[in-house]
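Results of the structural survey
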Amino acid sequence: MNIIEAIRERRSVRSYNGQPLSRAATVEIEKAIAETTDPFGGAITVRLGEFDLSDGFRPGTYGVIKGATTYFMIAAADTAATDLSIGFVFEQIVLRAWQLGLGTCWIGGTFRNTDFNRLSGSWPEGQKLRIVSPVGIADRLTVREKIMRAAVGGDRRKPFEKLFFEGDFSTPLPADNRYGQSLEMLRLAPSSTNSQPWRALVSDATVHFYYTPKSRLSLIDCGIGLCHFYETERFYSHEGCFFTADNPPAATTSLKYLLSYHRQ
């Protein structure tokens, strides 16, 4: 399974078969953690932890997760500056896990009184636990999970022409634009409550990214989407880089400028 197939097929998994990861899968996951890239420079720590379901493991308020024995734990500073990095870095690992046949589910929140924080050990100075995610072999969907997915519209995405524009924010971007494939993979990215906060404006050979702040997780969501965009660029052998534009195109008052990307 290539990265494009992984982006298209991956879904959140909340029910697992209760089996720990195999040694081979653990080695591959740890390799994926070590090989992540981050163009935004945030200090992120990712750990893999095993929890004993028979020993009273209590995942706080996250009882909606069933049968998972292995969890990712992601720590970072609680600042907007690191949020893009959290989304960008961990989504690389999530997609690699899916390629290995393993499910995951992003969970953001406060973990102060949960076993995640108690058993994770100390974090680097200035960092705290920000995201957790189970990882393992998916079990059959429960009725509750089916209802949850239907309630939040987890599989629905806004149309391409409502998210991406050319020249100005009144002109929809044609799907066959040079960045069309990469932006389509961004469009498919998951986000908290399926909020899809990202927007993009293509001007000449540059893409300018914006977002609508919808929650404290919106920048993490944008990092996930930008990971999809960048992985697609790499898959098709396009060379480019992210940068902060001195004078980005003006946007509506509801949008905040994020950063830009230029293909070489």
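Just above, that's the structure.
The structure reproduced in this document is the subject of the present report. Computed from a predicted model, the values in this text were never measured in an experiment.

Criteria and cut-off values
- Residues numbered from 1 in each chain as written.
- Predicted model: local features only at pLDDT ≥ 70, side-chain atom pairs only at ≥ 80, totals over all residues.
- Heavy atoms only, no water.
- Helix = DSSP H or I, 4+ residues; strand = E, 2+ residues; numbered from the N terminus.
- Contact = heavy atoms within 4.5 Å.
- Areas by Shrake-Rupley, 256 points an atom, 1.4 Å probe, with all protein chains shown as cover.
- 1 Å grid on protein atoms, 1.4 Å probe; cavity = no way out; pocket = protein on both sides within 12 Å on 5 of 7 lines; lining within 4 Å.
- Points joined across faces, edges and corners; volume = space filled by probe spheres on them.
- Nonpolar A, V, L, I, M, F, W, Y, C, P; charged D, E, K, R; others polar.
- Salt bridge = Lys/Arg side-chain N within 4 Å of Asp/Glu carboxyl O.
- Buried < 20%, exposed > 50% of the residue type's maximum accessible area, 1.4 Å probe, protein only.
- Pairing = 2+ DSSP bridges.
- Expected span 1.5 Å × (residues − 1).
- Phe/Tyr/Trp six-rings, centres within 6.5 Å; stacked < 30°, edge-to-face > 60°.

**Description of the overall build of the protein chain**
Secondary structure summary: the protein chain contains seven helices and 10 strands in total. For the protein chain, the share of sequence-separated contacts (at least 6 apart) that also reach a separation of at least 24 residues comes to 75%. When the accessible surface of the protein chain is summed, it comes to about 12500 Å², and 49% of that surface belongs to carbon and sulfur atoms.

**What to know about the layout of surface pockets**
Of the voids in this model, the second largest pocket is the one considered here, and its volume is about 280 Å³. Considering the residues around the second largest pocket, the lining is formed by I3, E28, K31, A32, E35, T36, Q92, L95, R96, Q99, E231 and R234. Of all the elements in the fold, those that place two or more residues in the lining of the second largest pocket are α2 (23–34), α3 (80–99) and α7 (218–235). In terms of residue count, α3 provides more of the lining of the second largest pocket than any other element does, four residues in total. Looking at the lining of the second largest pocket residue by residue, the class counts come to three nonpolar, three polar and six charged.

**Some remarks on the pattern of salt bridges**
A complete count under the given rule lists eight salt bridges for this structure. For E28, the salt bridge goes to R96, with nearest N and O atoms at 3.2 Å. Of this pair, E28 sits in helix α2 while R96 is found in helix α3, placing the two residues 68 residues apart along the sequence. Using a relative accessible area of 28% as the deciding quantity, one classes R96 as partly exposed. As a salt-bridge pair, E184 and R187 come within 2.8 Å of each other at their nearest N and O atoms. Of this pair, E184 and R187 both sit in helix α6 (residues 180–187), three residues apart, roughly one helical turn. With respect to class, E184 is no different from R187; both count as buried.

**Brief notes about the environment of R14**
Within the element layout of this structure, R14 appears in the loop between α1 (3–9) and α2. For the pair R14 and A68, spaced 54 residues apart in sequence, the C-alpha to C-alpha distance is 8.3 Å.

**Examining the pairing of strand β8 (residues 206–211)**
With six of its six residues buried, β8 lies for the most part within the structure. Side chains of β8 alternate between two faces, with T206, H208 and Y210 and V207, F209 and Y211 buried alike. When strand β7 (residues 198–203) meets β8, the two strands line up antiparallel, connected through six bridges. What sits directly across from L201, in β8, is H208. Between the antiparallel neighbours β7 and β8 lie two residues, among them D204 with a positive phi of about 60°. Inspection of the sheet shows β8 paired to strand β10 (residues 256–263) by six bridges, in the antiparallel sense. In the sheet register, T206 faces β10, and the bridge partner there is H262.

**Description of α3**
Helix length check: α3, at 20 residues, gives a terminal C-alpha distance of 30 Å against a target of 28 Å (1.5 Å per residue), a fit within 8%. Following α3 by one or two positions, G101 has its phi on the positive side, about 85°.

**Remarks on the side chain of T82**
Checked against the element boundaries, T82 lands in helix α3. A residue is classified by how much of its surface remains accessible, and T82, at 8% relative accessible area, is buried. In contact with T82, other than residues within four places in its own chain, are G42, I44, A76, A77 and R130.

**Quick word on the packing of aromatic side chains**
The full count for this structure, using the stated rule, is 19 aromatic pairs. Taking the centre distance of 5.4 Å and the plane angle of 50° together, the rings of F40 and F242 count as tilted. Residue F40 is located in the loop between α2 and β1 (44–50), and its partner F242 is located in strand β9 (residues 240–243); the two are separated by 202 residues in the primary sequence. A single burial state applies to F40 and to F242, both of which are buried. Ring pairs connect the aromatic residues F40, F88, Y179, F209, F229, Y230, F242 and Y261, which therefore count as one cluster.

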